[in-house]
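Chain and residue survey
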Amino acid sequence: MTHAGNREPLRPHAADREFNAHALRILDGLRGFGADYTEITRRFAAHLGLHSTDAAALVEILYAEDQGEPLSPTQLSERLALTTGATTNLLNRLERQGHIERSREHVDRRKVTIRTSDQIEEPAREFFGAFSSQMEELVSAYEPEELERFEGFLLGLRRILRGL
């Protein structure tokens, strides 16, 4: 594949069929995963009776809490690629519905921390419970070194995408 009017391939190593086949299968798998991730977020939204963007925000907030690093509104806005105004409206909706709480836990009292409410934890755990246990089973099938290499690959791929 070349860019219009340019004979240079869009992908490096395009002439290397083995490399190309691996790269294309990996990208195809990642595209498929992205579509599946979007679909599971849509189903989570339907499960909770929310807009998909609101559910995606809850997923990000829950994930950050699970990692022990709750989000600020700015961090959430970056993760969802929303403006600060749109994020404020989203957080207002989630707070009115009782799904999240905003608090000032930081030494700098101007900084707001977003946490899920007790009301959302059970439905979220119920919905994602099967995924979590199956993910744990899948990961346990690989050696730690393999997982580290895969994590490194994903980090490298993310760096590439962010650099574009």
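This text goes with the structure placed above it.
Note that the structure is a prediction, hence the values are computed from the model and not measured.

Looking only at helices and strands, one finds 6 helices and 2 strands in the protein. Secondary structure elements in the protein, listed N-terminal to C-terminal, are α-α-α-α-β-β-α-α. Partitioning the contacts of the protein with sequence separation of at least 6, the portion at a separation of at least 24 is 38%. For the protein, the exposed surface amounts to about 12000 Å²; the carbon and sulfur share of it is 54%.

So, on to the environment of Lys 111. Structurally, Lys 111 can be placed in the loop between strand 1 (100-103) and strand 2 (113-116). Between the alpha carbons of Lys 111 and Ser 72 there is a distance of 7.3 Å; along the sequence they are 39 residues apart. Excluding residues that lie within four positions of it along the chain, Lys 111 makes contacts with Ser 103, Arg 104, Glu 105 and His 106.

What follows concerns the side chain of Asp 54. Structurally, Asp 54 can be placed in helix 2 (residues 52-66). Given the relative accessible area of 2%, Asp 54 is considered buried. With near-sequence residues (within four places) excluded, Asp 54 lies in contact with Leu 90, Arg 93 and Leu 94.

What follows concerns the side chain of Thr 116. Mapping Thr 116 onto the fold places it in strand 2. Among the polar contacts made by the side chain of Thr 116, one reaches the side chain of Glu 65 at a distance of 2.6 Å. Contacts of Thr 116, omitting those with residues within four sequence positions, involve Leu 58, Ile 61, Leu 62, Glu 65, His 99 and Ile 100.

With that out of the way, let us pick up the layout of surface pockets. A volume near 2400 Å³ is recorded for the largest pocket. Taken together, 42 residues make up the lining of the largest pocket; nearest its centre are Phe 33, Tyr 37, Tyr 63, Phe 131 and Met 135. Element by element, the count of residues in the lining of the largest pocket is highest for helix 6 (residues 144-163), at 11 residues. Of the residues contributing to the lining of the largest pocket, the split by class is 24 nonpolar, 6 polar and 12 charged.

The rules behind these values
- Along each chain, residues carry numbers from 1 onward, in the same order as the chain's sequence is written.
- At least 70 in pLDDT is required for a residue's local features to be given in this predicted model, at least 80 for side-chain atom pairs to be given and counted, and no such filter applies to totals for whole chains, interfaces and linings, which use all residues.
- Only hydrogens and water are removed before side-chain values are computed, so all heavy atoms of the structure are retained for them.
- Secondary structure counts use DSSP, requiring at least four H or I residues in a row for a helix and at least two E residues in a row for a strand, with both numbered from the N terminus.
- Note on contacts: a residue pair is in contact if any heavy atoms of the two residues lie within 4.5 Å.
- Working definition of accessibility: Shrake-Rupley area with a 1.4 Å probe, residue cover restricted to the visible protein chains.
- Any residue under 20% of the maximum accessible area for its type is buried, any over 50% is exposed, and the rest in between are partly exposed; the area is computed with a 1.4 Å probe on protein chains only.
- In protein, a polar contact requires one atom able to donate a hydrogen and another able to accept it; more generally it is a pair of N or O atoms within 3.5 Å, and residues adjacent in sequence count only if both atoms are side-chain atoms.
- Here a cavity means grid points, on a 1 Å grid over the protein atoms only, where a 1.4 Å probe fits yet cannot get out; a pocket means an open set of points with protein on both sides within 12 Å along at least five of seven lines; lining residues are those with an atom within 4 Å of a point.
- Grid points are joined across faces, edges and corners, and a volume is the space filled by probe spheres set on the points.
- When residue character is reported, Ala, Val, Leu, Ile, Met, Phe, Trp, Tyr, Cys and Pro are called nonpolar, Asp, Glu, Lys and Arg charged, and the others, Gly included, polar.

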